[in-house]
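# Structure assessment
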Amino acid sequence: MTAIASKDPNGQYRAVQMVVGVTAGAVISYVFVTALRHFGINLKAMAWIDVMALLQGMVFAALGLIALAITMSPRLAGVQIEQATDAPPASRLELTLGRLQGVVLLLAGLLMLTPLLASELGMSGEQTPLLFAVIVVGYLLQTGVNLAIWQRADELMRAMIARTSAVSFWVLQGALFLAASAQKLGLLREFSLWTAMVITLGIYSVASLAIAKRVRYR
Amino acid sequence: MRNRLHMLRAENRWTQADLAERLGVSRQTVNAIETEKYDPSLELAFRIAALFGQPIEELFTPDHRGE
């Protein structure tokens, strides 16, 4: 079997991917929305930026869990890499990188959701410094995993990370300048660091997806 | 940059995974080079040339050649 012949002309891979994706998405969304209701969090009463943050956190966490589940099977991971049902199994390095990326995504989601849900649940007083300490530890852990990915990555992955960072910096630096100018002129009302962070992460995610799409398997 | 990687790999009956393992890179990298979405570093280009026993200019040609 060669990779030349391994492309999936019948779209079998895409059909399976769509079914698995939709099913996993529906199950995860149902569990999450049920949990929100259980804790009395009303989505309709939330600010739009918090709903956006909630969606981002949920998507990151779900993608992380899906990546971790896929990398439990070398065969399934190989299929996911080549996007063809007859692809060879993933190598040990590919599995390691997939798992590390899964952990980064899961942590990103959890870190995003923690302050948001704590705020929605009305957490205050002595609990908040402790929660912040947990967030700091989680962030340091995620940074460590990101460094591990960089160390194990080959040159294409490093190039993609570098390009995503460059595009994000370029776009966000420009956006920051324009927003600051508009605020100085009284044309834009002040916004919180939380709002800026959610928008920043959103732009980074879009840049990351766009750059990954350019070099994906075909 | 244009390249002949896909053809040379097919001649050797290697999968992208086989070639990736020999080069010490991921198969995404092999795929991206073959589909000319990514130009390899000079170091990787030399490794590819050495693997196929050909001069580097026989494998990679600039887009603007002949213009």
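Model, not experiment: these values are computed from the prediction. (Residues numbered from 1 in each chain as written. Chains lettered and ligands numbered in written order. Predicted model: local features only at pLDDT ≥ 70, side-chain atom pairs only at ≥ 80, totals over all residues.)

### Some remarks on the overall build of chain A
Tallying secondary structure elements over chain A gives 7 helices and 0 strands in all. From first element to last, N terminus to C terminus, chain A shows the α and β order α-α-α-α-α-α-α. With respect to the principal axes defined by its C-alpha atoms, chain A has extents near 60 × 40 × 30 Å. In chain A, which comprises 218 residues, the share counted as buried stands at 20%. (Helix = DSSP H or I, 4+ residues; strand = E, 2+ residues; numbered from the N terminus. Buried ≥ 20, exposed ≤ 12 C-beta atoms within 10 Å, placed from the backbone.)

### Topic: the environment of B:Ile56
Residue and element names in this part refer to chain B. Relative to the helices and strands, Ile56 is located in helix α5 (residues 56-59). It is 9.6 Å that separates the C-alpha atoms of Ile56 and Leu42, two residues lying 14 residues apart in sequence. Residues within four places of Ile56 in sequence aside, it is in contact with Ala45, Phe46 and Ala49. (Contact = placed C-beta atoms within 7 Å.)

### Quick look at helix α3 (residues 74-82) of chain A
Every buried residue of α3(A) is accounted for by A:Ala77, A:Gly78, A:Val79, A:Gln80, A:Ile81 and A:Glu82. Remark: A:Gln83 follows α3(A) within two positions and exhibits a positive phi of approximately 55°.

### Quick word on the nonpolar core
Judged by nonpolar contacts, the single largest core of 39 residues is most densely connected at A:Val104, A:Leu105 and A:Ala108. Counting only elements with at least two residues in this core, the list comes to α2 (48-70), α3, α4 (92-120) and α6 (155-184) of chain A together with α2 (16-23) and α3 (27-34) of chain B. When residues of this core are assigned to their parent elements, the largest contribution, 10 residues, is made by α4(A). If we ignore the near neighbours within four places in the chain, the residues touching A:Leu105 are A:Phe60, A:Leu63, A:Gly64 and A:Ala67. (Core = buried A, V, L, I, M, F, W, Y, C linked by C-beta atoms within 7 Å.)

### Digging into the environment of B:Pro62
Along the chain, the position of B:Pro62 falls in the segment after β2 (60-61). C-alpha separation for the pair B:Pro62 and B:Ala45, spaced 17 residues apart in sequence, amounts to 13 Å.

### Here we look at the confidence of the model for chain B
Summing up the model confidence of chain B, the mean pLDDT is 91 and the portion of residues at 70 or higher is 94%. Across the interfaces of the predicted complex, the ipTM metric reaches 0.88, alongside a pTM of 0.84. (pLDDT = per-residue confidence, 0-100.)

### Topic: the interface of chain B and chain A
Contacts between chain B and chain A engage 18 residues on the former and 17 residues on the latter. The set of elements that each furnish at least two residues to the side of chain B that touches chain A consists of α2 and α3 of chain B. Among the elements that line the side of chain B that touches chain A, the one with the most residues is α3(B), at 5 residues. Broken down by class, the residue content of the side of chain B that touches chain A amounts to 6 nonpolar, 8 polar and 4 charged. (Nonpolar A, V, L, I, M, F, W, Y, C, P; charged D, E, K, R; others polar.)

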